[in-house]
Amino acid sequence: MDPSIVGWHAHVYYDPAATRDAAAALREGIAAGFPEAVLGRWHDVPVGPHTAAMYQVAFPPALFPGLVPWLALHRGALSILLHPETGRQRADHTRHALWMGPSLPLKAEILPE
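All chains use their own residue numbering, which begins from 1 and follows the written sequence. Confidence filtering applies because this is a predicted model: local features only for residues at pLDDT of at least 70, side-chain atom pairs given and counted only at 80 or more, and all residues used for totals across whole chains, interfaces and linings. With hydrogens and water excluded, all non-hydrogen atoms of the structure serve as input to the side-chain values.

The chain has the name 4,5-dioxygenase in an unreviewed UniProt entry, where Roseicella aquatilis is given as its organism.

Trainee: Please provide a residue-by-residue account of the nonpolar core, values included.
Mentor: Buried Ala, Val, Leu, Ile, Met, Phe, Trp, Tyr and Cys residues form a nonpolar core when they are joined through side-chain atoms within 4.5 Å. Partly exposed residues are those whose accessible area sits between 20% and 50% of the maximum for their type, while under 20% is buried and over 50% is exposed, using a 1.4 Å probe and protein chains only. Among the nonpolar cores identified, the biggest contains 23 residues, and Leu26, Ile30, Tyr55, Val57, Phe59, Leu67 and Leu71 are the most heavily contacted of them. Numbered from the N terminus, helices here are DSSP runs of H or I no shorter than four residues, and strands are runs of E no shorter than two. The set of elements that each furnish at least two residues to this core consists of β1 (7–13), α1 (20–33), β3 (54–59), α2 (64–74) and β4 (80–85). Looking at which element gives the most residues to this core, the answer is α2, with 4 residues. Here, residues are in contact when the closest pair of their heavy atoms is within 4.5 Å. Once you skip the residues sitting within four places of it in the chain, Ile30 turns out to touch Pro35, Ala37, Leu39, Tyr55, Val57, Leu67, Trp70 and Leu71. Membership of the second largest hydrophobic core comes to 5 residues, among which are Tyr13, Met54, Leu81 and Ala97.

Trainee: Explain α1 to me, using residue names and the numbers behind them.
Mentor: Expected helix span is computed as 1.5 Å times (number of residues minus one). Between its first and last C-alpha, α1 extends 20 Å over 14 residues, near the 20 Å set by a 1.5 Å rise per residue. Buried residues in α1 make contact with β1, β2 (38–39), β3, α2 and β4.

Trainee: Quick one: what's the story with the sheet that holds β2, residue by residue and with numbers?
Mentor: Pairing is antiparallel in the open sheet, where 5 strands are placed in the order β2-β3-β1-β4-β5. Since the sheet does not close on itself, it has two edges, and those belong to β2 and β5 (98–100), each with one partner. For two strands to pair, DSSP has to find at least two bridges joining them. The sheet contact formed by β1 and β3 spans 6 bridges and is antiparallel. Residue pairing across strands places Tyr13 opposite Met54, the latter belonging to β3. Taken strand by strand, α1 contacts β1, β2, β3 and β4, and its axis lies near 15 degrees from that of β3. Geometry is summarised by axes, namely lines fitted to C-alpha atoms with helices restricted to the contacting stretch, and by angles between N-to-C directions that run from 0 to 180 degrees. Across the sheet, α2 touches β1, β3, β4 and β5, and the angle it forms with β3 is around 155 degrees.

Trainee: Just give me the short version of the packing of aromatic side chains, but keep the residues and values in it.
Mentor: Pairing of aromatic rings covers Phe, Tyr and Trp, the last counted by its six-membered ring, and requires centre-to-centre distances within 6.5 Å; plane angles under 30 degrees mean stacked, over 60 mean edge-to-face, and any other angle means tilted. Inspection of the entire model under this criterion finds 6 aromatic pairs. For the ring pair Trp42 and Tyr55, a centre distance of 4.9 Å and an interplane angle of 65 degrees mean the geometry is edge-to-face. A residue pair is termed long-range when its members are at least 10 positions apart, and Trp42 in the loop between β2 and β3 and Tyr55 in strand β3 qualify at 13 residues. Residue Trp42 is classed as partly exposed on the basis of its relative accessible area, which comes to 25%. These aromatic residues form a ring-pair network of at least three members: Tyr14, Trp42 and Tyr55. Here, a charge over a ring is recorded when the distance from Lys NZ or Arg CZ to the ring centre is within 6 Å and its angle to the ring normal is within 35 degrees. In this structure, Arg20 is placed above the aromatic ring of Trp42, and the distance from its NZ or CZ to the ring centre is 4.0 Å.

Trainee: Before we move on, can you summarise the pattern of salt bridges with the specific residues and values?
Mentor: Think of a salt bridge as a Lys or Arg side-chain nitrogen and an Asp or Glu carboxyl oxygen that are within 4 Å of each other. Taken as a whole and judged by the stated rule, the model has 2 salt bridges. Where Arg90 meets Glu113, a salt bridge forms, and the shortest distance between an N and an O atom there is 2.5 Å. Of the two residues, Arg90 is situated in helix α3 (residues 89–93) and Glu113 in the segment after β5; the sequence distance between them amounts to 23 residues. Take Glu113: its relative accessible area is 64%, and that puts it in the exposed class.

Pasting the structure below:
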């Protein structure tokens, strides 16, 4: 892992009316299988640069090889934005980002360079 990556975030997007149960099941699986991951709050409305409801999963680089493949196989139809934490928020959410499922628009202009 690149030493400038101090952590990772996975933003799990869902529709509060249609896919919240699927997002909750994924969240329970993360909590059970990856106790080192930190589960963020539910946001049933868009927050920050995110244009859809979501919750965040923060995890250390050492968890990447186990958690990311698990997410790929268990996300179902949910979209997930995965990005490193380097201290460069706009680049982390855009240039350095990985998507699982369809990508969603971000309001990247509100993030600091």
